[in-house]
Amino acid sequence: LLSPQRAAIVIGLMLTGIAIDIAIVDRVPNLADVILQLLFIVVIGMGVAWLLNYERSTRTALIGTQQQLRFAQRLAHLGSWEWDPSTGSSRWSDEVYRLFGLPEDAEESLVTFLDVIVPDERERITDLIAQQRAQGESYRFDATIQRMDTGERRIVEVFGTPAPTRRAGDTPRYYGSVQDVTEQR
């Protein structure tokens, strides 16, 4: 009958594919401890290698998904955005920049968004966003924009919805979309 220590060594050696005569373990002082430590290192190494491979494959899949999303957004003339009213920070997809005719280094903000709205619609849009935000509700509206690069006027549909908050009373982040609907209107 094998002791638990010898059983662990035998199982570990079998799992790692290392061949050793178990009788040697009894003849060499402290060899059992050394083998157990080495097996521990090998098993940890195998786990780390698996995690690294998993992380690499997950990253590759994520990059592929992001590329597909960018392609679909460009094809549909649909951009996505995220906005944190408490800090004023925003994130826009590449397609939002293209729709608005903005350079890639343009500031992502509500102010920049309002700048592309034609002047006679800005107040209506600002009021609508403020009202829906105060009520914590989603909003959807059409707006006429003037592209910054060409001056061309286009009609966009904007949709925004509050993200769930962690605590009551927190200011929700908003996320949404902007789509060029000129041809449909």
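Rules of the game
- Residues numbered from 1 in each chain as written.
- Predicted model: local features only at pLDDT ≥ 70, side-chain atom pairs only at ≥ 80, totals over all residues.
- Heavy atoms only, no water.
- Helix = DSSP H or I, 4+ residues; strand = E, 2+ residues; numbered from the N terminus.
- Expected span 1.5 Å × (residues − 1).
- Contact = heavy atoms within 4.5 Å.
- Core = buried A, V, L, I, M, F, W, Y, C linked by side-chain atoms within 4.5 Å.
- Buried < 20%, exposed > 50% of the residue type's maximum accessible area, 1.4 Å probe, protein only.
- Polar contact = N/O pair within 3.5 Å; in protein donor to acceptor, adjacent residues only side chain to side chain.
- Salt bridge = Lys/Arg side-chain N within 4 Å of Asp/Glu carboxyl O.
- Pairing = 2+ DSSP bridges.
- Axes fitted to C-alpha atoms, helices over the stretch in contact; angles between N-to-C directions.

Undergrad: Explain helix α6 (residues 119-135) residue by residue, including any values.
TA: An ideal rise of 1.5 Å per residue puts 24 Å on 17 residues; α6 measures up with 25 Å between its terminal C-alpha atoms. Turning to α6, the residues buried within the fold contact β1 (78-84), α5 (110-116), β3 (139-146) and β5 (174-180). Two residues or fewer after α6 comes Gly136, characterised by a positive phi angle close to 65°.

Undergrad: Quick one: what's the story with the environment of Arg91, residue by residue and with numbers?
TA: Looking at where Arg91 falls in the secondary structure, it is placed in strand β2 (residues 89-92). Note: C-alpha distance between Arg91 and Ser109 (18 residues apart in sequence) is 8.0 Å. In this view, Arg91 contacts Ser80, Trp81, Glu82 and Glu108; residues no more than four positions away in its chain are not counted.

Undergrad: Let's hear about the nonpolar core: which residues, and what values?
TA: Ranked by internal contacts, the top residues of the largest apolar core, which has 23 residues, are Phe100 and Phe113. Elements that contribute at least two residues to this core include exactly β1, α4 (94-100), α5, α6, β3, β4 (153-162) and β5. Sequence-distant contacts of Phe113, defined by excluding residues within four places in its chain, comprise Trp92, Phe100, Ile125, Ile129, Phe141 and Val158.

Undergrad: Explain the side chain of Thr161 residue by residue, including any values.
TA: Its location among the elements puts Thr161 in strand β4. One polar contact links Thr161 to Ser138, side chain to side chain, over a distance of 2.6 Å.

Undergrad: If you had to explain the side chain of Arg154 to someone new, which residues and values would you point to?
TA: Within the fold, Arg154 resides in strand β4. Using a relative accessible area of 16% as the deciding quantity, one classes Arg154 as buried. Here Glu152 takes part through its side chain, which lies 3.1 Å from a polar atom of the side chain of Arg154. Excluding residues within four positions of it along the chain, Arg154 makes contact with Ala143, Thr144, Ile145, Arg147, Asp180, Thr182 and Glu183.

Undergrad: Describe the pattern of salt bridges, listing the residues and the values that go with them.
TA: This structure, assessed with the given rule, holds eleven salt bridges. The partner of Arg98 in a salt bridge is Glu95, with the nearest N and O atoms 2.8 Å apart. Here Glu95 and Arg98 lie together in helix α4, a separation of three residues that amounts to about one turn. Arg98 gets classed as partly exposed once you look at its relative accessible area, which sits at 29%. The salt bridge partner of Glu121 is Arg124, with a shortest N-O separation of 3.2 Å. Of this pair, Glu121 and Arg124 both sit in helix α6, three residues apart, which is roughly one turn of that helix. By relative accessible area, Glu121 is classed as buried at 15%. On the basis of relative accessible area, Arg124 is assigned to the partly exposed category, the value being 40%.

Undergrad: Lay out the pairing of β2 with the relevant residues and their values.
TA: In regular strands, side chains alternate between the two faces of the sheet. Residues of β2 alternate between two faces, with Ser90 and Trp92 buried on one and Ser89 and Arg91 left unburied on the opposite face. Looking at chain direction, β1 and β2 are connected through four bridges and run antiparallel. Across the sheet, Trp81 pairs through a bridge with Trp92, a residue of β2. In this antiparallel pair of consecutive strands, β1 and β2, the connection spans four residues, and Gly88 shows a positive phi of 80°.

Undergrad: Got a sec to walk through the sheet that holds β2? Specific residues and values, please.
TA: Pairing is antiparallel in the open sheet, where five strands are placed in the order β2-β1-β5-β4-β3. The open sheet has two edge strands with one neighbour each: β2 and β3. With direction set aside, neighbouring strand axes in the sheet form an average angle of 25°. Summarising the sheet, β1 and β5 pair through six bridges and their orientation is antiparallel. Along β5, the bridge assignment pairs Glu82 with Tyr175.

Honestly, it's all geometry; don't read function into it.
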